[in-house]
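# Descriptive analysis of the structure
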Amino acid sequence: MTDVNFPDYRGALEYYCLGCNQVFSINKLHYTCPRCSGVFLLTDRSFDSLKQTPGRKWREILDARAASKNLALRGIFRFYELIAPVVEKQDIIYLGEGNTPIIPASKHLEAQTGQKLAFKNDGQNPSASFKDRGMACAFSYLKKLVRENGWDQVLTICASTGDTSASAALYGAYVGEPVKTVVILPMGKVTTQQLSQPLGSGARVIELPGVFDDCMRVVEYLADNFRVALLNSKNAWRILGQESYAFEIAQWYDWDLQGKAVFVPIGNAGNITAIMAGFLKMYELEIITALPRIFGVQSSHADPVFKYYSQDRQDRKYNPVQVQASVAQAAMIGNPVSFPRVQALAQKYEKIEGDGSFHVIQVEEQAIVEGMLLANQNGHIACTQGGECLAGMLKARESGLLNREETAILDATAHALKFSDFQDKYFSNSFSPEYEITPRQEYINLPVEVMSLEDKNRLSQEEFTKAAVKEIAGLLGLSS
Ligand SMILES: *Cc1c(COP(=O)(O)O)cnc(C)c1O
Ligand SMILES: [Zn+2]
């Protein structure tokens, strides 16, 4: 049997500045516009030539690739022409990212919420968050640059709420020389598991006092003044890779997105940017004929995007906010770098599907953590940000923005295990007051101790077994 071929198409990608509308060559690594410091999107000057292939044909091509054993086409580059059609096959790095499952809500969860819903489990990526989608693209492009320029040293750097650094460290370690990875983290503001990831991958880990926004400013200063490769989502190559999330949703639902509503947590706003950009691209190529509705979700403790969109359209003003402690810690960002991208894409989106096709929902901390617990006690593996999506969906329904006929697709952006620190805090009622969370008995689950070590030591092995069985049988109400 012959496998599908690696695509022949090569695009004419360029950086397009959302601030001054200038374009710049991709032969240099840019993060922001050298003229106006605006943020970039990567656009393909040859994109219109892709329209010569009808939507039906695209769907066939992409479906054929879904069965390919060609590793270069198994991850995000299954959608090669729509992602970064400038990297060569030899540049592509694939660690098993993408292609994450869409799991319908358990019968109980659906009954409890009264909504058709499904989680897309992006925690099932290699470093256990969606960040791997963007990192696979950014590192593939970096490999191309290293190959073409013969660089003998590349220092990659990022600020992180935890998952960006885990992902950068993993991909950096896999690529190896000449790439070295440095990550900068806000001290005490990433979970134990998230800190262990870059350490385990051998990256240089630097901690700074403050929150993510403080680290981001330091990293930007470094990127402006030294030769380092910035891997935050300000890097437009990351956005391209993350568009694969949208492509996969479309493909999974047989390219029919009528009546679908996609819920995404917003932190630095890279993910929601990518998801909207992805759906818009497929729409332009007529691969899909309807756009799903988009619901961004933010905690009331970090909600600058919500605040912007909750103002009347004509007098909207953007202001960064000072964040407060949040269980959706990966999204605890007061000044999202991709805000101008969201603005531009939401406008495009609403032009096509009208008012109501894009919303930002605000939820409380209590609802976020309980959204996670509710999901996971029904057999899901949502992180706190996945819980934030569930809370956002319930809020959208309550506010009359979502109706029961729609299918909600919730982004479980990371694996539950990464955020078990917050589950522990809930179960042991040890949140500091700033979280504003009061645990409720119905959600609390703690281990039961039926015998002390001292009691065990007084017993023979046989007596211990019998005594333990007696305690457990009593506890569970078992009868022989
Ligand atoms: C990074 C991250 C977010 C926020 O995504 P942005 O692209 O920064 O908006 C949400 N959830 C998890 C688990 C993340 O790692
Ligand atoms: Zn500019």
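Each value, and the rule that gives it
- Residues numbered from 1 in each chain as written.
- Chains lettered and ligands numbered in written order.
- Predicted model: local features only at pLDDT ≥ 70, side-chain atom pairs only at ≥ 80, totals over all residues.
- Heavy atoms only, no water.
- Helix = DSSP H or I, 4+ residues; strand = E, 2+ residues; numbered from the N terminus.
- Rg over C-alpha atoms; globule rule 2.2 N^0.38 Å.
- Buried < 20%, exposed > 50% of the residue type's maximum accessible area, 1.4 Å probe, protein only.
- Contact = heavy atoms within 4.5 Å.
- Areas by Shrake-Rupley, 256 points an atom, 1.4 Å probe, with all protein chains shown as cover.
- Domains from an automatic or database assignment.
- Near = heavy atom within 4 Å.
- Polar contact = N/O pair within 3.5 Å; in protein donor to acceptor, adjacent residues only side chain to side chain.
- 1 Å grid on protein atoms, 1.4 Å probe; cavity = no way out; pocket = protein on both sides within 12 Å on 5 of 7 lines; lining within 4 Å.
- Sits in = over half its atoms within 2 Å of the grid points.
- Nonpolar A, V, L, I, M, F, W, Y, C, P; charged D, E, K, R; others polar.
- Salt bridge = Lys/Arg side-chain N within 4 Å of Asp/Glu carboxyl O.
- Donors = N, O, S within 2.8 Å, 3.2 Å for Na, K, Ca; no water.
- Tetrahedral: all angles 85-135°; square planar, octahedral: opposite > 155°, others 65-115°.
- Pairing = 2+ DSSP bridges.
- Axes fitted to C-alpha atoms, helices over the stretch in contact; angles between N-to-C directions.
- Expected span 1.5 Å × (residues − 1).

Here the focus is the overall build of the chain. Counting secondary structure elements, the chain contains 17 helices and 13 strands. A globule of 480 residues ought to have a C-alpha radius of gyration of about 23 Å, and the chain, at 24 Å, matches this closely. For the chain, the C-alpha atoms occupy an extent of roughly 75 × 60 × 55 Å along the three principal directions. Evaluated residue by residue, the chain yields a buried proportion of 56% over its 480 residues. Taking the contacts inside the chain whose residues are at least 6 apart along the sequence as the reference set, 73% of them involve residues at least 24 apart. Per element, the accessible surface of the chain, about 21,100 Å² overall, is 49% carbon and sulfur.

Turning next to the domain arrangement of the chain. In terms of domains, the chain is made up of domain 1 (102-126 + 239-441) and domain 2 (447-480). For domain 1 and domain 2, the distance between their C-alpha centroids amounts to 45 Å.

To continue, consider the site of ligand 1. Around ligand 1 sit 14 residues, and of these Lys131, Asp163, Gly267, Asn268 and Asn271 come closest. Side-chain polar atom of Lys131 to an oxygen atom of ligand 1: 2.6 Å apart, as the coordinates give it. One of the backbone N or O atoms of Asn271 is found 2.8 Å from an oxygen atom in ligand 1. Compared with its free state, where it exposes 380 Å², ligand 1 has 98% of that area covered by protein. Here ligand 1 occupies the largest cavity. Residues belonging to the shell around ligand 1 are distributed by class as follows: six nonpolar, six polar and two charged.

All right, on to the pattern of salt bridges then. Side chains that carry opposite charge are capable of pairing whenever their charged atoms lie near each other. If you walk through the whole model with that rule in mind, you get 25 salt bridges. With a shortest N-O distance of 3.2 Å, Glu177 and Lys180 are connected by a salt bridge. With a relative accessible area of 62%, Glu177 lands in the exposed category. Its salt-bridge partner being Arg458, residue Asp455 comes within 2.5 Å of it at the nearest N-O pair. One continuous salt-bridge network, built from bridges that share partners, spans Lys120, Asp122, Arg133 and Glu248.

The next thing to look at is the side chain of Lys120. Relative to the helices and strands, Lys120 resides in strand S5 (residues 116-121). According to the relative accessible area criterion, Lys120 is buried, its value standing at 1%. A distance of 2.8 Å separates the side chain of Lys120 from the side chain of Glu248, its partner in a polar contact. In this view, Lys120 contacts Thr100, Pro101, Ile102, Arg133, Tyr245, Glu248, Ile249, Ile409, Leu410, Asp411 and Ala412; residues no more than four positions away in its chain are not counted.

With that settled, consider the coordination of the zinc ion (ligand 2). Only Cys17 (SG), Cys20 (SG), Cys33 (SG) and Cys36 (SG) from the protein coordinate the zinc ion (ligand 2), and they sit 2.3 Å from it. What the four donor atoms of the zinc ion (ligand 2) show is an angle range of 96 to 115° at the metal, which sorts the shape as tetrahedral. The motif formed by the donor residues of the zinc ion (ligand 2), counted along the single chain, is C-x2-C-x12-C-x2-C. Placement of Cys20 in the loop between strand S1 (13-17) and strand S2 (23-25) and of Cys36 in the loop between S2 and strand S3 (40-44) is noted, with a sequence separation of 16 residues between them.

Another aspect to go through is the sheet that holds strand S12 (residues 358-363). Strand order across the open sheet formed by six strands is S4-S5-S13-S10-S11-S12, with mixed pairing between neighbours. Whereas interior strands pair on both sides, the edge strands pair on one side only; in this sheet they are strand S4 (102-104) and S12. If you compare each strand with its neighbour and ignore which way they point, the axes differ by 25° on average. Relative to strand S11 (residues 293-299), strand S10 (residues 260-265) is paired through five bridges, and the arrangement is parallel. Bridging across to S11, Ala261 finds its partner in Arg293.

Summarising burial for S3: four of the five residues are buried, a large majority. Relative to S3, S1 runs antiparallel, the two sharing five bridges. In the strand pairing of S3, Leu13 is matched with Asp44.

Take helix H4 (residues 131-149) next. Across its 19 residues, H4 extends 27 Å between first and last C-alpha, which sits within 8% of the 27 Å expected from 1.5 Å per residue. For H4, a buried count of 15 out of 19 residues is recorded, marking the element as mostly surrounded by other parts of the structure. Trailing H4 by a residue or two, Gly150 shows a phi angle of about 60°, which is positive.

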